[in-house]
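Fold and contact review
As a plain string of letters, each chain reads:
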Amino acid sequence: LAKTTQPISMDSYEGQEVNITCSHNNIATNDYITWYQQFPSQGPRFIIQGYKTKVTNEVASLFIPADRKSSTLSLPRVSLSDTAVYYCLVLGNQGGKLIFGQGTELSVKP
Amino acid sequence: DTEVTQTPKHLVMGMTNKKSLKCEQHMGHRAMYWYKQKAKKPPELMFVYSYEKLSINESVPSRFSPECPNSSLLNLHLHALQPEDSALYLCASSQVGPKGEETQYFGPGTRLLVL
């Protein structure tokens, strides 16, 4: 199972772009990279998932370099409501065994 | 629709009580999961059900007993719990996409307090 490493915490201000980088050096060929957002006392919410290059949806972008050993979640123009913990996970055909790392606690200030 | 529902939202129980947590999804997902999350910690996998059969038990104590009555429902039966079992219990279900990518969707959780 690929282990992920993320910064423990990050601070930002409203309106800024936030980039959270995750390293996953032993990612397997069939692993996908998935990011979740979690607010206190709520379940993790799926944000975005990708395999390589760039993926974009209505809330975020995910950048994955060619070697796939890292990925960067980009949140454009954050607001106070984006204050949360963000988890990066890699998951392949492993029977659903999601292993969460410590996540990144993002604090957005006014 | 990617909704997983969990009941109850909150539960307080004594160490001699028997209670159950319920989880439901109507997305046709064939895999369902229970996670436990302590405060300020990441979720920890407890059980995985695949096609209504238990496929992974992460060495969870027997006072936690999972049950999958059908493909849409997942229960977690609780008996003789300890105060250290107080946590947020999360249910999830997953689908496999056309390229083999798996995505798990989580419910809102049940906040359990054991007195």
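The following paragraphs examine the structure supplied in this document. Values in this document were obtained by computation on a predicted structure and should not be read as measured data.

1. Observations concerning unusual backbone geometry
All names here are of chain B. Backbone torsion omega between Thr7 and Pro8 reads -10 degrees, so that peptide bond is classified as cis. Of note, Pro8 is situated in the loop between β1 (4-7) and β2 (10-13). Positioned with a positive phi, Lys40 is a non-glycine residue whose angle comes to about 65 degrees. Residues other than glycine seldom take positive phi values, yet Ser59 does so here, at roughly 55 degrees. The residue Ser59 is located in the loop between β6 (53-57) and β7 (64-70) in this model. A residue is classified by how much of its surface remains accessible, and Ser59, at 70% relative accessible area, is exposed.

2. Let's talk about the sheet that holds strand β8 (residues 73-79) of chain B
Residue and element names in this part refer to chain B. The 4 strands are arranged β1-β3-β8-β7 in an open sheet whose pairing can be described as antiparallel. Each edge of the open sheet carries a strand with a single partner, namely β1 and β7. Strand-to-strand, the axes of this sheet are offset by a mean angle of 20 degrees, without reference to chain direction.

3. Focus on the packing of aromatic side chains
The final tally for this structure, using the stated rule, is 11 aromatic pairs over all chains. Residues Tyr32 of chain A and Tyr51 of chain A carry aromatic rings whose centres are separated by 5.1 Å and whose planes lie at 55 degrees to one another, so their mutual orientation is tilted. Here Tyr32 of chain A, found in strand β3 (residues 32-38), pairs with Tyr51 of chain A, found in the loop between β4 (45-50) and β5 (53-56); they are 19 residues apart in sequence, far enough to count as distant. Exposure remark for Tyr32 of chain A: the relative accessible area of 11% places this residue in the buried category. The structure contains a cluster of three or more aromatic residues connected by ring pairs, namely Tyr36, Phe46, Tyr87 and Phe100 of chain A together with Tyr33, Tyr35, Tyr105 and Phe106 of chain B. Against the face of Tyr51 of chain A rests Arg68 of chain A, its NZ or CZ located 3.9 Å from the ring centre.

4. With respect to empty space enclosed by the protein
Residue and element names in this part refer to chain B. Enumeration over the complete set of coordinates arrives at 2 cavities of 30 Å³ or more. As a volume, the largest cavity reaches approximately 40 Å³. Every residue lining the largest cavity is listed: His29, Arg30, Ala31, Met32, Tyr49, Ser50, Tyr51, Glu52, Cys68 and Ser71. Elements represented by at least two residues in the lining of the largest cavity include exactly β4 (31-37) and β5 (44-50). Here the lining of the largest cavity is built from residues that sort into 5 nonpolar, 3 polar and 2 charged.

5. Comments concerning the nonpolar core
Formed by 24 residues in total, the largest nonpolar core has its most connected members in Trp34, Phe64, Leu76 and Leu78 of chain B. Secondary-structure elements contributing two or more residues to this core are β2, β3 (18-25), β4, β5, β7, β8, β9 (87-96) and β11 (110-114) of chain B. Counting 20 residues, the second-largest nonpolar core is a separate cluster that includes Ile27, Ile48, Leu73 and Leu75 of chain A.

6. Concerning the pairing of β4 of chain A
Residue and element names in this part refer to chain A. In this structure, β3 lies alongside β4, joined through 5 bridges in antiparallel fashion. Note that in β4 the partner of Trp35 across the bridge is Ile48. Turn length for the β3-β4 hairpin, with the two strands adjacent in sequence and antiparallel, is 6 residues, and the turn residue Ser41 shows positive phi of about 60 degrees.

7. Observations concerning the interface of chain A and chain B
Where interface size is quoted, it is often the accessible area lost as the parts come together. Counting residues at the interface gives 20 residues for chain A and 24 residues for chain B. Interface of chain A and chain B: buried area, both sides summed, is about 1,700 Å²; carbon and sulfur atoms make up 52% of it. On the surface where chain A and chain B come into contact, there are 0 salt bridges. For the interface between chain A and chain B, the tally reads 6 residue pairs in polar contact (both at pLDDT 80 or more). Put simply, the parts of the chain that give the side of chain A that touches chain B at least two residues each are β3, β4 and β8 (84-91) of chain A. A per-element tally of the side of chain A that touches chain B places β3 of chain A first, with 3 residues. Tallied by class, the residues present in the side of chain A that touches chain B amount to 8 nonpolar, 10 polar and 2 charged.

Conventions and cut-offs
- Residues numbered from 1 in each chain as written.
- Chains lettered and ligands numbered in written order.
- Predicted model: local features only at pLDDT ≥ 70, side-chain atom pairs only at ≥ 80, totals over all residues.
- Heavy atoms only, no water.
- Helix = DSSP H or I, 4+ residues; strand = E, 2+ residues; numbered from the N terminus.
- Buried < 20%, exposed > 50% of the residue type's maximum accessible area, 1.4 Å probe, protein only.
- Pairing = 2+ DSSP bridges.
- Axes fitted to C-alpha atoms, helices over the stretch in contact; angles between N-to-C directions.
- Phe/Tyr/Trp six-rings, centres within 6.5 Å; stacked < 30°, edge-to-face > 60°.
- Lys NZ or Arg CZ within 6 Å of the ring centre and 35° of its normal.
- 1 Å grid on protein atoms, 1.4 Å probe; cavity = no way out; pocket = protein on both sides within 12 Å on 5 of 7 lines; lining within 4 Å.
- Points joined across faces, edges and corners; volume = space filled by probe spheres on them.
- Nonpolar A, V, L, I, M, F, W, Y, C, P; charged D, E, K, R; others polar.
- Core = buried A, V, L, I, M, F, W, Y, C linked by side-chain atoms within 4.5 Å.
- Contact = heavy atoms within 4.5 Å.
- Buried area = accessible area lost by both parts, 1.4 Å probe.
- Salt bridge = Lys/Arg side-chain N within 4 Å of Asp/Glu carboxyl O.
- Polar contact = N/O pair within 3.5 Å; in protein donor to acceptor, adjacent residues only side chain to side chain.

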